[in-house]
Amino acid sequence: MNIAKSIQDAVLHSLESLYGGSFTEKDFQLNHTKSEFEGDYTIVLFALVKSIKKSPETLGEELGQHLTQYYPQLFSAYNVIKGFLNLTVCDNYWFELVQRNHLDICYGKQPMNGHKIMVEYSSPNTNKPLHLGHLRNNFLGWSVAEILKANGFDVIKSCIVNDRGIHICKSMIAWQLFANGATPETTNTKGDHFVGDYYVKFNEEYKRQIQELIASGMNEAEAEKNAPIMLQTQQMLVDWENGKPEVLELWKIMNAWVYKGFDATYQSIGCDFDKKYYESDTYLLGKDIVQDGLNKNIFYKKEDGSVWIDLTADGLDEKLVMRKDGTSVYITQDIGLAKQKYDQYHIDQSIYVIGDEQNYHMKVLKLIAQKLQFPYANDIHHLSYGMVELPSGKMKSREGTVVDADDMVEEMISTAKALTTSLGKVKEFSEAELEELYKTLGLGAMKFYLLRVDPKKKMIFNPEESIDFHGFTGPFIQYTYARIQSILRKENNIGKPINHTLLPLEKKLAFQLEQFPSAIMDAAKELNPSAVANYLFVLSQQFNSFYAEHSIANAESADAKNFRLQLASMTANVIKSGMQLLGIQVPSKM
RNA sequence: GGUUCGGUAGCUCAGCUGGAUAGAGCAUCAGCCUUCUAAGCUGAGGGUCAUUGGUUCGAAUCCAAUCCGAAUCACCA
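Quick notes on the rules
Residues numbered from 1 in each chain as written. Chains lettered and ligands numbered in written order. Predicted model: local features only at pLDDT ≥ 70, side-chain atom pairs only at ≥ 80, totals over all residues. Heavy atoms only, no water. Helix = DSSP H or I, 4+ residues; strand = E, 2+ residues; numbered from the N terminus. Areas by Shrake-Rupley, 256 points an atom, 1.4 Å probe, with all protein chains shown as cover. Lys, Arg positive; Asp, Glu negative; His and termini not counted. Charge placed at Lys NZ, Arg CZ, Asp CG, Glu CD. Near = heavy atom within 4 Å. Polar contact = N/O pair within 3.5 Å; in protein donor to acceptor, adjacent residues only side chain to side chain. Nonpolar A, V, L, I, M, F, W, Y, C, P; charged D, E, K, R; others polar. Contact = heavy atoms within 4.5 Å. Pairing = 2+ DSSP bridges. Axes fitted to C-alpha atoms, helices over the stretch in contact; angles between N-to-C directions. Domains from an automatic or database assignment. Parallel < 35°, antiparallel > 145°, perpendicular 65-115°, else oblique. Left-handed = near helix turned anticlockwise from the far one by under 90°. Buried < 20%, exposed > 50% of the residue type's maximum accessible area, 1.4 Å probe, protein only. Salt bridge = Lys/Arg side-chain N within 4 Å of Asp/Glu carboxyl O.

**Digging into the overall build of chain A**
Argument step 1. A count of helices and strands for chain A gives 23 helices and 14 strands.
Argument step 2. Taking the principal axes of the C-alpha coordinates as reference, chain A spans close to 90 × 65 × 45 Å.
Argument step 3. Surface accessibility of chain A: about 27900 Å² in total, with carbon and sulfur atoms responsible for 51%.
Argument step 4. In chain A, which carries 61 positive and 74 negative side-chain charges, the distance between the mean positions of the two groups comes to 1 Å.

**Remarks on the protein's contact with RNA strand B**
Argument step 1. Neighbouring RNA strand B are 61 residues, the closest being Phe84, Asp317, Lys394, Lys425 and Tyr479.
Argument step 2. Here Asp317 contributes a side-chain N or O atom positioned 2.4 Å from a sugar or linking oxygen of RNA strand B.
Argument step 3. Between RNA strand B and Lys457 there is a distance of 3.3 Å, counted from a phosphate oxygen to a side-chain nitrogen or oxygen.
Argument step 4. Residues of the surface near RNA strand B, tallied by class, amount to 25 nonpolar, 17 polar and 19 charged.

**What to know about the environment of Ile173**
Argument step 1. As for its placement among the helices and strands, Ile173 is situated in helix H6 (residues 166-178).
Argument step 2. Sequence-distant contacts of Ile173, that is, excluding residues within four places in its chain, are made with Ile229, Gln232, Thr233 and Met236.

**Here's the deal with the sheet that holds strand E8 (residues 299-301)**
Argument step 1. Reading across the sheet, the three strands line up as E8-E9-E10 and stay open at both edges, with antiparallel pairing between neighbours. The open sheet has two edge strands with one neighbour each: E8 and strand E10 (318-322). Going across the sheet, the axis of each strand differs from the next one's by a mean of 40°, ignoring polarity.
Argument step 2. Relative to strand E9 (residues 307-310), E8 runs antiparallel, the two sharing three bridges. Across the sheet, residue Tyr300 finds its bridge partner in E9, namely Trp308.
Argument step 3. Lying on the sheet, helix H15 (residues 359-371) is in contact with E8, E9 and E10; it crosses E10 at an angle near 75°.

**Observations regarding the domain arrangement of chain A**
Argument step 1. When the domains of chain A are assigned, the result is domain 1 (3-89), domain 2 (165-270), domain 3 (287-327) and domain 4 (405-581).
Argument step 2. Using C-alpha coordinates to define each centre, domain 1 is positioned 59 Å away from domain 3.

**Overview of the sheet that holds strand E2 (residues 41-44)**
Argument step 1. As summarised here, the arrangement of the four strands in space is E1-E2-E4-E3, forming an open sheet in which the pairing is antiparallel. Each having just a single partner strand, strand E1 (29-32) and strand E3 (75-81) make up the two edges of the open sheet. Strand after strand, the sheet turns through a mean of 25° between neighbouring axes, direction not considered.
Argument step 2. Two elements, E1 and E2, share four bridges in a ladder whose sense is antiparallel. When the bridges of E2 are listed, Gln29 appears paired with Val44.
Argument step 3. Against the sheet, helix H1 (residues 3-19) makes contact with E1, E2, E3 and strand E4 (84-89), and its axis sits at roughly 40° relative to E2, the strand it touches most.

**Brief notes about the packing of helix H19 (residues 474-490) against helix H22 (residues 529-549)**
Argument step 1. Relative orientation of the contacting elements H19 and H22 amounts to 45°, with a least axis distance of 9 Å. When the axes of H19 and H22 are compared, the pair comes out oblique. Crossing handedness for the pair H19 and H22: left-handed. Where H19 abuts H22, its residues Phe476, Ile477, Thr480, Arg483, Ile484 and Ile487 lie against Ala533, Leu536, Phe537, Ser540, Gln541, Phe543, Asn544 and Tyr547.

**Let's talk about the packing of helix H21 (residues 516-526) against H22**
Argument step 1. Packing of H21 against H22 leaves a shortest axis separation of 7 Å and a crossing angle of 155°. Taken together, H21 and H22 sit at an angle that is classed as roughly antiparallel. As H21 packs across H22, the resulting crossing turns out to be right-handed. Contact residues: Phe516, Ala519, Ile520 and Ala523 in H21; Ala531, Val532 and Tyr535 in H22.
Argument step 2. Across the contact of H21 with H22, the residue classes break down as seven nonpolar, no polar and no charged.

**Let's talk about the pairing of E4**
Argument step 1. Judged by how many residues are buried, E4 sits mostly within the fold: five of six residues are covered.
Argument step 2. Across four bridges, E2 lies against E4 in antiparallel orientation. Within E4, the residue paired with Ile43 across the bridge is Leu85.
Argument step 3. Hairpin connection of E3 to E4: two residues between the antiparallel strands, including Lys82 at a positive phi of 50°.

**Details of unusual backbone geometry**
Argument step 1. Positive phi is not limited to glycine here, since Lys82 has a value of about 50°.
Argument step 2. Inspection of the secondary structure assignment puts Lys82 in the loop between E3 and E4.
Argument step 3. Unusually for a residue other than glycine, Asn297 sits at a positive phi of about 65°.
Argument step 4. Relative to the helices and strands, Asn297 resides in the loop between helix H13 (287-295) and E8.

**Notes on the environment of Ile380**
Argument step 1. Following the sequence through the fold, Ile380 ends up in strand E12 (residues 380-385).
Argument step 2. Residue Ile380 is classed as buried on the basis of its relative accessible area, which comes to 4%.
Argument step 3. Counting along the chain gives 15 residues from Ile380 to Leu365, while the straight-line C-alpha distance between them is 8.7 Å.
Argument step 4. Those residues in contact with Ile380 that lie beyond four places of it in its chain are Ser350, Tyr352, Lys366 and Ala369.

**Things to note about the side chain of Ser14**
Argument step 1. Counting through the fold element by element, Ser14 comes out in helix H1.
Argument step 2. Apart from the residues within four sequence positions on either side, Ser14 is in contact with Leu63, His66, Leu67 and Tyr71.

**Some points on the pattern of salt bridges**
If charged atoms from side chains of opposite charge come close, those side chains can pair.
Argument step 1. Evaluated as defined, the whole model comprises 25 salt bridges.
Argument step 2. Across the pair Asp40 and Lys507 runs a salt bridge, and its minimum N-O distance is 3.3 Å. Of this pair, Asp40 sits in the loop between E1 and E2 while Lys507 sits in helix H20 (residues 504-514), and the two are 467 residues apart along the sequence.
Argument step 3. Using a relative accessible area of 6% as the deciding quantity, one classes Asp40 as buried.
Argument step 4. By sharing partners, the salt bridges in this structure join Glu146, Lys149, Lys157 and Asp272 into a single network.

Written out as structure tokens, the structure is:
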């Protein structure tokens, strides 16, 4: 049980024995005491004034009296200022908390709760390489999965690969037209970039052909429809769907190139999946569901044979669920896949990490599932995250302002290298250890930068700021960890402190350590890794302040030294497991 | 136009289940390395919390309206 809950219970009991009647947690507010006042926790009394009919000051006095008298193991002092009752928690509470947990590497984690959740994230298209937006998606999905695991959920990480469709055919056509048989091997290019280059070539050629047609007197819309390369591409998609062998063959080869490239990227950023779905396997799913919906009169057929659902009563529009030629559309496939996930894994909840541009789509998906009365309909959850923009505005692939994932990783690692070299603190490291360190720091900085902000909000990616390793950054926290390790290497046997009066900075640190379990519970509840990032930053700041003010190795007494070693050890463990939830490693030296 | 989301310091962001004088980081300025890692610490300046009205003992936080910005409303995925 955490301290806030203990205090809440104590206050409830005191209120009941002082004033009779029954109270709930909602009858008063429990806050952290602001640093300019004496105390640890504050009861805001105003809300009680009405029901108890005493002045806030009297109420505070009476309650403070009662609490310190009947809960001496919890409270050592109190004071009342205006309508606020400030309570000081006994030193012994913090002392024992640290004593008990300073070696526990599982501190803050919850036991398994029997609930199974699937987290789908990443979901790349196989016609171009991953970019900054994918990185935010990957880090978020991975981290949310880890945070849920730490809170006792059984988590399956999944990914839907969009491996078919017109966009893939564009790259394929361009390759046929321009590649002359080139491959990633012959050109020494990473597979996903290689294929992406042909996607770009397609667009260049397409644009050129449109201009040509316009020059010969066609209007723009006509030109867009009739450009030969577009007609070829559309024909290729038809051929693919009809299973034309040479088209399938090329499709497989080019996708294999892309997968090889993706795997290298996923490997480098430490991203993995338990289950991969491929759209080429799932795009036919959902057709039987359409029939089912027709039978139940949830869907209806128009004269041309296309099938629709009317969502106008729910504030949305009419939505197509099957084309007149009987092929399924995006939403239909998604309904099919949602069902498949549920049938295969018997999950209790399905979380989709997808950009907020798809809010409408995901709303429709859930609504249709609800109308079809699927048992899992209410457990579909869209973790909607905001787009990543540049200071100059949106990233546009057409204008070449897209920040490539691989370039980004490389740049962060080389920044880490440059800074580490200039500081010259790890001269004894071997070449391999150095490479490892640069990667730890570079990736740490990048992941932290993308995870430290609220997922729901769009974020501005500032290239200069992102390579800063000072302040609210991953390396700052990694540095704090490395500092502690340096101390613990030298002072490796921690004795048991017997009696020690906590100094303010020590107590502040212990207080923050006490918050860790509830911080990761909140992060799970909100599906928000930034809560963990913020927590770890504050913890590190507090450790560093403490470190600058008080010596650990040369503490005033043996008890003080042992207690501070325990504090340091617990801080390091919390940093390590917290960073682990963000997918960030911590170095023991940097 | 409808729907949804957002607007807090020069910049990037916390805070939003209503509570005390609105917080960090970056940037700027001033200090701190003969003792545990200065990727650090201490301090200063910097704010009409978009605007207006409402609810209340109390509003950045809740409600309404307005202004500004974004996403979306495809027989694309």
